[in-house]
Amino acid sequence: MTAEDRERTVAYVALGSNIDKREHYLQGAIAALNEESGITVMGQSSIYETEPVGYVDQSAFLNMVIQIHTDLSPEALLSTLLAIENRLGRTRDLRWGPRTIDLDLLLYGEHQLTTPDLIIPHPRMHERAFVLVPLSEVLYARQESLFESISAHLEKLEGKEGVILWKKAQ
């Protein structure tokens, strides 16, 4: 991928938090992304509250999706997301356990990528209503062509009723 290809790349990132000041961590991650060279946040979904998946003995999550424009490569963007998680106190003590912030790279343009550290599109996003509901909202608001495809996956997915609007996007 050349630098010219990366200059106009649109990517989508899922955010989740279930520790203490959940909205504070979501907003802190968005601010940190906007402060990074090569990243501009262009749109964001509403915030949704959802029950945990996997390890269920923990507090409910707040989830949302943002659209960014970036000139970073997918690998560099992943590295940036992980660094922001660390700065915001993310620890990885328990798989699917409580976290201050979780940042998942869902889509990076129309690219498909499989490396030991990164798979794009995100391999489990089509199984997760807490990702597809806010993603479809951002795609619709931004009039993205992916909206119909994501909406079709969402229609077939069970568990949508467990994704509760917590705060409407501004």
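How each quantity is defined
- Residues numbered from 1 in each chain as written.
- Predicted model: local features only at pLDDT ≥ 70, side-chain atom pairs only at ≥ 80, totals over all residues.
- Heavy atoms only, no water.
- Helix = DSSP H or I, 4+ residues; strand = E, 2+ residues; numbered from the N terminus.
- Buried < 20%, exposed > 50% of the residue type's maximum accessible area, 1.4 Å probe, protein only.
- Contact = heavy atoms within 4.5 Å.

Caption draft 1: Just the environment of Glu85, in detail. Along the chain, the position of Glu85 falls in helix α3 (residues 74-87). When its relative accessible area of 1% is taken as the criterion, Glu85 is described as buried. The spacing of Glu85 and Ile101 is 16 residues in sequence and 5.9 Å in space, taken between C-alpha atoms. Among all residues touching Glu85, those that are not within four sequence positions of it are Arg90, Arg92, Ile101, Asp102 and Leu103.

Caption draft 2: Here's a closer look at the environment of Pro123. Considering the arrangement of structural elements, one finds Pro123 in the loop between β7 (119-120) and α4 (129-141). Between the C-alpha atoms of Pro123 and Thr9, which are 114 residues apart in sequence, the distance is 20 Å.

Caption draft 3: Layout of unusual backbone geometry. For the peptide bond that leads from Ile120 to Pro121, omega is -5°, which places it in the cis range. Positionally, Pro121 belongs in the loop between β7 and α4. The backbone phi angle of Asp20 is positive, close to 50°, even though this residue is not glycine. Counting through the fold element by element, Asp20 comes out in the loop between β1 (9-17) and α2 (22-35).

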